Each structure stands twice: as C-alpha cells, then as structure tokens.
Amino acid sequence: MYFTYEGCQTSNVGKISGTKTADALAGDWAGTIDGTAQTGGFVGGRAAADENYSGTYTVDKGKQPIHVKDCIDYYIAPKGTWELFAVEKSTPPDFTIDAKGASVSFVPPPGSSHSLVGVLDPEIAKTPDAGNPVVWQWLLDAVGGTLTTFELKPPASVPPLRAGREYVVTVMPVDVAAGKRLGFASKRFIAP
C-alpha cells in the first residue's frame, strides 16, 4: 500500500494482512502516514465480470487533520474505498497502454485531465516483507482522447531501473475536477 498527495511528502507505506476466502478479502492494515501511526480494517471481493477486486476500508482513529510543514494540510478520512487490478488487464477493456523499451504511450478516455503513472517491481510485490514494490509514481497531464507518450526515467532521487529486469507500468486516467477514476491499465516491460 503506497500513498502520497504531493511530491513534497515522504513515502507513506503500509502493510496489509488478511485472508482470502473464495472471492472475498478481509483483513487489517497498518502503517505510517505523514509521521502518524495508523491502523484499520478492510473488506471486499472480486467483481463477477472480471479479475478486479474492490471494497471498503476504515481508519481506527477516524477523521484526523494532518499538517506537513511547508507542504500540505489535509484530513485523513475515517473510511474509504479501494480497488485492485489484475496485471495486463484494462478497465474499461478498450483502454490500453503500449510499453516498448523505456517508452510508454496511451490515449486517455474522454474527460481525463491527468493520469497517475506508476512503476512496480513484481519481484518485491510477490515476496512477503520484501518492502515497497512501488518504484515511483507521478502525475501526468493527459487530456482525454489525445495520444500521450512518455519515457520511463525515474527522478534523480530514485535509483535507475535495472537493465534486463521485468517491471510493470501502470496508468490510471482521472478526471481531477470530479475526483473520478476513468480507467486503469498495466503492462509488463523489460528495462532497457
């Protein structure tokens, strides 16, 4: 679980544990969000029509104001929703991304103003207690219906991708004004 609102925040990482019974998930989460220890629970399940999971979570301490000096003031909500997407599946099915070498391209759905892009390390994701599988994330200006192409080059503060290693790039187009996710797609690639 990985979370930030702004680039000036530190990386906020939590650990999730629980059980899967048939298509249902339930458990607990714990971590540090901007210097505050947080815990809560979650429940959810798999949508019958696809391989995606969704559900709800709670924050044990409820709604809390958070102040990050010279960065951001916000509230942690007492509850929310979550989604899990299968690798190399798209939602909706006609939203796809192409990854060749270090170049990624996609056409965001109509209404999109930005896209949250991430790079994941699947080896870390598959290994319990191996750490945070999110290599890095950033927000792109990506207007709906317009071809968007970018290079997978991490910021200077992040170690470079290891040549020959498999990673997963994720793209989530959003309508920022409406606070709505408009799609999700991911693609495996080998770092050049």
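A.B. asks: Would you mind showing me how to read the side chain of Gln64 here?
C.D. replies: Within the secondary structure layout, Gln64 lies in strand β6 (residues 64–68). Within the local environment of Gln64, its side chain forms a polar contact with the backbone oxygen of Gly62, the two atoms lying 3.0 Å apart. Leaving out residues up to four positions away in the same chain, Gln64 has contacts with Gln38, Val59, Tyr74, Tyr75 and Ile76.

A.B. asks: Is there a simple way to explain the nonpolar core in this structure?
C.D. replies: As a rule of thumb, nonpolar side chains are buried together in soluble globular proteins. Counting residues in each nonpolar core, the largest one holds 21 residues, and the members touching the most others are Phe106, Val119, Trp138, Phe150, Leu152, Val169 and Phe189. Sorting the residues of this core by element identifies β9 (97–100), β10 (103–106), β11 (114–120), β12 (134–141), β14 (166–175) and β16 (185–190) as the ones contributing at least two each. Each residue touching Val169, except ones within four places of it in the same chain, is listed here: Ile97, Ala99, Val104, Val117, Gly118, Leu152, Ala185, Ser186, Lys187 and Phe189. Ranked by size, the runner-up nonpolar core spans eight residues in total, among them Ile66, Val68, Ile72 and Tyr74.

A.B. asks: Is there a simple way to explain the pattern of salt bridges in this structure?
C.D. replies: Oppositely charged side chains may form a pair once their charged atoms are brought near each other. This model, assessed by the stated rule, comprises seven salt bridges. One salt bridge connects Glu166 with Arg188, and the closest N-O pair in it is separated by 3.4 Å. With a gap of 22 residues between them, Glu166 in strand β14 and Arg188 in strand β16 connect regions that are remote in the sequence.

A.B. asks: I'm lost on the environment of Ala24 in this one. Help?
C.D. replies: Checked against the element boundaries, Ala24 lands in strand β3 (residues 24–33). Look at Ala24 and you get partly exposed, because its relative accessible area is 36%. For the pair Ala24 and Arg46, spaced 22 residues apart in sequence, the C-alpha separation works out to 6.6 Å.

A.B. asks: Honestly, the packing of aromatic side chains in this entry has me stumped. Any pointers?
C.D. replies: Aromatic ring pairs: the centre-centre distance and the angle between the two ring planes describe each pair. This model, assessed by the stated rule, comprises seven aromatic pairs. For the pair Phe42 and Trp82, a centre-to-centre distance of 6.1 Å together with 90 degrees between the ring planes defines the contact as edge-to-face. Residue Phe42 is located in strand β4 (residues 36–46), and its partner Trp82 is located in strand β8 (residues 79–84); the two are separated by 40 residues in the primary sequence. Look at Phe106 and Phe150: their rings are 6.3 Å apart centre to centre, the planes differ by 75 degrees, and that puts the pair in the edge-to-face class. Residue Phe106 is found in strand β10, and its partner Phe150 is found in strand β13 (residues 148–151); the two are separated by 44 residues along the sequence. Through a chain of ring-to-ring contacts, the aromatic side chains of Phe95, Phe106, Trp136, Trp138 and Phe150 assemble into a single cluster.

What counts as what
Residues numbered from 1 in each chain as written. Predicted model: local features only at pLDDT ≥ 70, side-chain atom pairs only at ≥ 80, totals over all residues. Heavy atoms only, no water. Helix = DSSP H or I, 4+ residues; strand = E, 2+ residues; numbered from the N terminus. Polar contact = N/O pair within 3.5 Å; in protein donor to acceptor, adjacent residues only side chain to side chain. Contact = heavy atoms within 4.5 Å. Core = buried A, V, L, I, M, F, W, Y, C linked by side-chain atoms within 4.5 Å. Buried < 20%, exposed > 50% of the residue type's maximum accessible area, 1.4 Å probe, protein only. Salt bridge = Lys/Arg side-chain N within 4 Å of Asp/Glu carboxyl O. Phe/Tyr/Trp six-rings, centres within 6.5 Å; stacked < 30°, edge-to-face > 60°.

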